[in-house]
Amino acid sequence: MKLDVDVLRYLSREDFRVLTAVEMGMRNHEIVPSVLIDRIASLKHGGTYKVLKNLLKHKLLHHDASKYDGFRLTYLGYDFLAIKTMVNRGVFTAVGRQIGVGKESDIFEVSREDGTIMAMKLHRLGRTSFRAVKSKRDYLRHRNNYNWLYLSRLAALKEYAFMKALEEHGFPVPNAVDCNRHCVVMSLVQGYPLVQVKELQNPEVVFETILGLIVRLAEHGLIHCDFNEFNIMIDDDEKVTMIDFPQMVSVSHRNAEMYFDRDVECIYKFFGKRFKMTFEEHDDNVDVSEVDTDESSRPSFSSVNKTAGFLDKELAASGFTRKEQDEIERFIEGDIEDDAGGEGEGTEDNGHESELNQTTIKDLDSLKLEQEKTTSSHNEEDRIGESQQTSNVSQSRESENASDREEESEDVNDAQLVKSLTKQRRRAIAAASRGRKNYASRNSYKDKGGKSSHNSKIQKQLNSW
């Protein structure tokens, strides 16, 4: 849906109040009833329904009356709520042209009062080009039911958190300014996507820089999972910048090694095709795009030293479990000191070994005597138990025989009752049929005032003439 910011000028305070009411109602409703919207907005003199009609005209809401009369927010209405909040905060004052379109988001230029140009990213999950969010992203976690607007909000929050953390650790990423709902405002990267670049002055240096970023991310506990030529920006000075972070996972993810190898393979394939770079090949029959370099030069997941930081723990990246978090906390608190103190404790334990051996021998003798006593007592109990079991079996057989006799007598009585009831029913039906009157004669056809009576009257008059 095209973002037309001109409509934003003509929306009143009541319009945004009703939009907010619909947003609040969508926490518990897929389609918010109009009565609930009126109750939350609480406008005077029934003004809510008039405002709903105006918002529906500008396609900020969608009306659905299949089950009941209700409304839901569209992405355009959600955009207006986020932009209005950003403007009230003073983050930017104007919205410009669209500079990018992706399968999950749209990117626009925005400007501040001093003329600084920034980028505004609006997440739009649920497009027909990318609907497998539940299987390809971890926004839902343990949730079963979801809404596309809510998923877009989660994706924006995750990307904003990753950008802030990576910027603090010195990674080349855009400067995250602010985040609200599904909108993320960041600094505008002065460069071009790597997929649009045809020539480089130093392709080897750029190649090594990009591979170094992949390894450095893994050392800090993160894997990009979509590190390709579309998510790498490069400027005129061949400075590299990473973008697009919602899909990042932890190095402890079950598919972490596969994601790491896929990112590395994407870079090798692109530089081999676009810039005709040659790598060390094991087989001459393999294409340049599918070459496999020497293990010493090509980065591998097993060779990465993952002790530079714990960004996956700080940002709760997918794949980082609670158990691993506890283990890292124990490691940081210094449980290794127990191993150092173990040497001093070992000398003291050697002096007590003789005393412990003597006590264990005494305990074993006492246990043998107790076992002999218990075996004799168990034999007597078994004899008594066998006699009780035989008596119980005979009693149970007698009770079963008695119960079978009672059931047979009850069955005979039930058959007699059924026969008597059927006889009484037949007698009642016969008596009722005898007492009925035959109403067929009453309802038989009698020609009263019909054609036959009319013709007979005419015949009588003719005879009298």
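The following refers to the structure shown. The model shown is predicted, which means the values in this text are computed figures rather than measured ones.

Some details on the environment of G90
Here G90 lies in the loop between helix 4 (75-89) and strand 4 (94-101). Spatially, the C-alpha atom of G90 lies 8.7 Å from that of E113, the residues being 23 residues apart in sequence.

Digging into the sheet that holds strand 1 (residues 32-33)
The 3 strands lie next to each other as 1-3-2, forming an open sheet whose pairing is antiparallel. Taken across any chain shown, the strands that pair with only one partner, and hence form the sheet edges, are strand 1 and strand 2 (61-64). Relative to strand 3 (residues 70-73), strand 2 is paired through 4 bridges, and the arrangement is antiparallel. Across the sheet, residue H62 finds its bridge partner in strand 3, namely R72. Its contacts with the sheet place helix 1 (residues 13-25) against strand 1, strand 2 and strand 3, and it is angled at close to 95° to strand 3. Lying over the sheet, helix 3 (residues 47-57) contacts strand 2 and strand 3, oriented at roughly 110° with respect to strand 2.

Let's talk about the side chain of Q247
By secondary structure assignment, the location of Q247 is in the loop between strand 12 (240-242) and strand 13 (249-250). Within the local environment of Q247, its side chain forms a polar contact with the backbone oxygen of D244, the two atoms lying 3.1 Å apart.

Examining helix 7 (residues 203-219)
The end-to-end C-alpha separation of helix 7 is 24 Å, in line with the 24 Å expected for 17 residues at 1.5 Å each. Turning to helix 7, its buried residues are P203, V206, F207, I210, L211, L213, I214, L217 and A218. The arc that holds every buried residue of helix 7, seen down its axis, measures 145°, which confines them to one face. Those residues of helix 7 that are exposed and aimed more than 90 degrees away from the buried face are V205 and E208.

Side note on the sheet that holds strand 12
With antiparallel pairing, 3 strands are arranged side by side in an open sheet as 9-11-12. A strand with exactly one partner marks an edge of an open sheet, and here the two such strands are strand 9 (192-193) and strand 12. Of the pairings in the sheet, the one linking strand 11 (residues 232-234) to strand 12 comprises 3 bridges and is antiparallel in character. The partner of I232 across the bridge, within strand 12, is M242. On the sheet, helix 7 packs against strand 11 and strand 12 and is oriented at approximately 35° with respect to strand 12.

Examining the pairing of strand 4
Of the pairings in the sheet, the one linking strand 4 to strand 5 (residues 105-111) comprises 5 bridges and is antiparallel in character. Bridged to V95 within strand 5 is V110. Two successive antiparallel strands, strand 4 and strand 5, enclose a turn made up of 3 residues.

Concerning the pattern of salt bridges
Applying the stated rule across the entire model yields 9 salt bridges. Among the ionic pairs, D79 bridges to R124, the shortest N-O distance being 2.6 Å. Taken together, the residues span a long stretch of sequence, with D79 in helix 4 and R124 in the loop between strand 6 (117-123) and helix 5 (133-136) at a distance of 45 residues. Among the residues examined, D79 registers a relative accessible area of 1% and is labelled buried. With a relative accessible area of 4%, R124 lands in the buried category. Bridged by salt links that share partners, the residues D79, D106 and R124 form one connected network.

Reading the values: the criteria
Residues numbered from 1 in each chain as written. Predicted model: local features only at pLDDT ≥ 70, side-chain atom pairs only at ≥ 80, totals over all residues. Heavy atoms only, no water. Helix = DSSP H or I, 4+ residues; strand = E, 2+ residues; numbered from the N terminus. Pairing = 2+ DSSP bridges. Contact = heavy atoms within 4.5 Å. Axes fitted to C-alpha atoms, helices over the stretch in contact; angles between N-to-C directions. Polar contact = N/O pair within 3.5 Å; in protein donor to acceptor, adjacent residues only side chain to side chain. Expected span 1.5 Å × (residues − 1). Buried < 20%, exposed > 50% of the residue type's maximum accessible area, 1.4 Å probe, protein only. Arc of directions from axis to C-beta. Salt bridge = Lys/Arg side-chain N within 4 Å of Asp/Glu carboxyl O.

The values are spatial; any link to function lies outside them.
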